[in-house]
Amino acid sequence: MKKKILLIILFISLPLTASASVYVLGTYGSGGEIDESSLGLEMGAIFLSYLHPTGGALSVGLGISAANSDENPPSIAYPLIPGTKAIWSKDYNDGDEQEVYLSLGAEIVPSLFLVVGGGYSRQDKVNIIGTSSGQMYEASNTTEHHGTFSLQFRYAIEGITFGLGYHSRRGVLVGLGLAF
């Protein structure tokens, strides 16, 4: 726990030493490949940089999100009895899909940023099978891994930042946050 708190303090104070603004952005997504709602939180910094083609600002952020994709599979952990015949099979999402991502942005006009992001998400899956006798059994338990991509426009002015974009897994993303 102490390490996490230290990392958060370092992540917030490092941009301040580089004359940057720190931002915290909450996101909401709907649609996309998972077709469920998601909530996320991103922390980052906006700073002036000589790397920008016109001397404008760049942004960098680190975020997490969770999609409400839990399908509440039946809580069955019994092995299939040898000789029992399965007549149906269904995959269930077991829990929410979690993502961690990095976002990079560049100011295209004053206060308007084009932001691209990439990350990694994981979803636990369970396969339930039904038998001719009406019993259900857990056939397998796996984890799916996905690479993610997002493209957004963000507007940051006077301590407030908001954005609109698209995420490959989450669908349409809307964000609102504070910059300080």
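Residues numbered from 1 in each chain as written. Predicted model: local features only at pLDDT ≥ 70, side-chain atom pairs only at ≥ 80, totals over all residues. Heavy atoms only, no water.

**Observations regarding the environment of Asp 35**
Part 1 of the reasoning: One can find Asp 35 in the loop between strand S1 (21-30) and strand S2 (38-48).
Part 2 of the reasoning: The exposure class of Asp 35 is exposed, given its relative accessible area of 56%.
Part 3 of the reasoning: Spatially, the C-alpha atoms of Asp 35 and Ala 67 are 9.2 Å apart, while their sequence positions differ by 32 residues. (Helix = DSSP H or I, 4+ residues; strand = E, 2+ residues; numbered from the N terminus. Buried < 20%, exposed > 50% of the residue type's maximum accessible area, 1.4 Å probe, protein only.)

**Focus: the packing of aromatic side chains**
Part 1 of the reasoning: Here the structure, examined in full by the defined rule, presents 1 aromatic pair.
Part 2 of the reasoning: Between the aromatic rings of Tyr 155 and Phe 162, the centroid separation amounts to 5.7 Å while the plane-to-plane angle is 55 degrees, which identifies the pairing as tilted. (Phe/Tyr/Trp six-rings, centres within 6.5 Å; stacked < 30°, edge-to-face > 60°.)

**Considering the pattern of salt bridges**
Part 1 of the reasoning: On inspection of all chains with the given rule, the structure shows 6 salt bridges.
Part 2 of the reasoning: The shortest N-O distance in the salt bridge between Arg 169 and Glu 33 comes to 2.7 Å. Highlighted residues: Arg 169 in the loop between strand S8 (160-167) and strand S9 (171-179) and Glu 33 in the loop between S1 and S2, separated in sequence by 136 residues.
Part 3 of the reasoning: In this structure, the salt-bridge partner of Glu 97 is Arg 169, at a minimum N-O distance of 2.5 Å. (Salt bridge = Lys/Arg side-chain N within 4 Å of Asp/Glu carboxyl O.)

**Description of the nonpolar core**
Part 1 of the reasoning: Grouped together as the largest cluster of nonpolar side chains are 7 residues: Tyr 23, Leu 25, Ile 46, Ala 57, Phe 113, Val 115 and Ala 156.
Part 2 of the reasoning: Mapped by element, the contributors of at least two residues to this core are S1 and strand S6 (112-131).
Part 3 of the reasoning: Every residue in contact with Leu 25, bar those within four places of it in the chain, is listed here: Gly 40, Leu 41, Glu 42, Arg 154, Thr 161, Gly 175, Leu 176 and Gly 177. (Core = buried A, V, L, I, M, F, W, Y, C linked by side-chain atoms within 4.5 Å. Contact = heavy atoms within 4.5 Å.)

**Section: unusual backbone geometry**
Part 1 of the reasoning: With phi around 55 degrees, Asp 35 is a residue other than glycine that occupies positive phi space.
Part 2 of the reasoning: Positive phi, close to 50 degrees, is recorded for Glu 158, a residue that is not glycine.
Part 3 of the reasoning: By the element assignment, Glu 158 lies in the loop between strand S7 (136-157) and S8.
Part 4 of the reasoning: Classification of Glu 158 by relative accessible area gives exposed; the value is 76%.

Note that every value here comes from positions in space, so none of it alone points to a role or purpose.
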